[in-house]
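Descriptive analysis of the structure
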Amino acid sequence: MAALYDRYSSIVYSVALRVLGDTGAAEDILQDVFMQLWRNPNAFDSNRGSLGAWLAVITRNRAIDALRKRRPENDIEDVVISVETDLASEADRSRAAEKVRGLLGSMPAAQRSALEMAYFEGLTHTEIAAKTGEPLGTIKTRIRAGLTTLRKAFQE
Amino acid sequence: MSGHEQYAEDLALYALGSLQGEDRANLEKHLDSCSGCRQELEALRGDGALLAVSATGPKPPQRSRQRLLDAVASDPRDSSSPAPARRFNVWAFFGWAAAVGMFLVVIQLRRQNVSLQEAVSSLGAVVGSQTIEMENARRVVDTLTAPDAQAVTLVAGKNPPQPQGKAFYLRNRSGLVFVANNLAPLPPDKIYELWLIPPDGKPIAAGLFKPDAKGNASVINPPGIPAGVEAKTFAVTLESATGPHDAPRGTGVMAGGA
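The structure reproduced in this document is the subject of the present report. (Residues numbered from 1 in each chain as written. Chains lettered and ligands numbered in written order. Predicted model: local features only at pLDDT ≥ 70, side-chain atom pairs only at ≥ 80, totals over all residues. Heavy atoms only, no water.)

This part takes up the overall build of chain B. Tallying secondary structure elements over chain B gives five helices and seven strands in all. Each helix (α) and strand (β) of chain B, taken in turn from the N terminus, gives the series α-α-α-α-α-β-β-β-β-β-β-β. The buried share of chain B, taken over its 258 residues, is 33%. Surface summary for chain B: the accessible area is close to 16,300 Å², and the carbon and sulfur share equals 57%. (Helix = DSSP H or I, 4+ residues; strand = E, 2+ residues; numbered from the N terminus. Buried < 20%, exposed > 50% of the residue type's maximum accessible area, 1.4 Å probe, protein only. Areas by Shrake-Rupley, 256 points an atom, 1.4 Å probe, with all protein chains shown as cover.)

Within chain A, the secondary structure is distributed over seven helices and zero strands. Out of the 156 residues in chain A, the part that is buried amounts to 54%. When contacts within chain A are restricted to residue pairs at least 6 apart in sequence, long-range pairs at least 24 apart make up 63% of them. Of the roughly 6,600 Å² of accessible surface on chain A, 47% is carried by carbon and sulfur atoms. (Contact = heavy atoms within 4.5 Å.)

All names here are of chain B. The four strands are arranged β4-β3-β6-β7 in an open sheet whose pairing can be described as antiparallel. Every other strand in the sheet has two partners, leaving β4 (204–209) and β7 (251–257) as the edge strands with one partner each. Adjacent strand axes in the sheet meet at a mean angle of 25° when their direction is disregarded. Pairing of strand β3 (residues 190–197) with strand β6 (residues 233–240) involves eight bridges; the strand directions are antiparallel. (Pairing = 2+ DSSP bridges. Axes fitted to C-alpha atoms, helices over the stretch in contact; angles between N-to-C directions.)

Our focus in this paragraph is the environment of Leu20(A). All names here are of chain A. Its location among the elements puts Leu-20 in helix α1 (residues 2–20). Of the residues examined, Leu-20 reaches a relative accessible area of 18% and is grouped as buried. Beyond its immediate chain neighbours, meaning those up to four positions away, Leu-20 contacts Ala-25, Ala-26, Ile-29, Ala-63, Ala-66 and Leu-67.

Encoded structure:
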C-alpha cells in the first residue's frame, strides 16, 4: 500500500483538491480512496486501463459525493473505465495533463465551462442550464462533445 | 454504439453521475442488454479520467502517508465489526481480581496487536508492489499482443517478408509467449497450431491461433505444457480447424531450435 500511495497519491490528492478546494477535505478523500482500494483490491479491472486513470475517476466521484453531501452513488467495483492513454507514471500523467489543458483552452468557452461545471463541480445538466440560461439540449451536447473531443485528440 | 445515438448524450451525463430520474432508469435498463453502450460508457469514463488528470496541484502533506499506513495496519481487510463488550455479572467480591486479570489480558492482546499490525503493514506493501508489477507485465504483454500494436518486421535488402515467429519460453514455470508475423491468411477450415518439441521428439500441443488481417498472431501461456519440460524445437503447422489437435497431422509452416 505504501508503494501504491507513493505512486498515485499526487493524482488522487490533486483531483480531490480541485473538486473540493479544501486541503483537509481533500486529505479525507485521499484516505477514503486508498482505504477502499485496500479493502477491495479486486475492484480495479486491470484489463480496462491504468490504475492511475481508475483512481482519478473514483476520486472525482467520491469528491463530488462529498461536495454535494450525498451518499456515494456507486460502489467502486461498479466503476469500470476504459482508457487507452497510459497514465501509470507521473511523467505520463504530466504529459496528458498538459495536453488536456491545451485542448480545454482551444475549446469554445461555453463548452469548456459546461464540461468543467459538470466534471469538477458535479452540476447536473439541468443546473448548468439554469445557471447559464441555455437550453438543456445544448448543455447535453456540449458535455458529450467535450468528452469525445478529448478522446479523439488522444487517439491521434 | 451505432444505432444507439439516442442514448449518446445521456450516456455522457450518466458517466459523470448527473443523469437522474426517468432518463437514468431508462438508460440503466438499456445498458443491461446493450454491450455496445456499456463499452461507450466505459470509454466516456475514460475520457473523464483524462479530464481528471488535468487537475495538477501540490503533493499531499507527508502526514497523510503515515495516516493511511496506520489506518491500513489497524484495519485488516477481513475484519468484522468488533464484538460487543461483554457485560460482566460477577460478585463485587471478585471485581478487583477480574480487573487485574483483564489488565494482563489487555497487555498481552496489545502486544499481539502491534505485531499483527506490523505484519499487515508489510503485507500491504507487498500487495502494492505486486499490483505495480502486474501492471508492468500487462503492459509488456499488451505491447506484444494487442490488436492495435504495430508489429514491424525488418528484413535485409530485397528479401520479401517471410512468415516468422518468436517463442519466449520459461521452462520452470511453463511460461510461453509466442508472437508471429507475416503469416499467410488461413484457408477455410484450417488453423495454425504451435508445437513444443522436447528432446524425445514427441510434440506437445502449445496452442491454436489465427492471424489477424495483417498476418500477426500470438499465443500467451497456453495450458497443457507440463512444468519443467525441456524445449528442443518450436514449430507451427497448418491443421484442420476441426481437429484433432493432439499431434501434428498437417503441413509444416515454420520451425526453430531452442
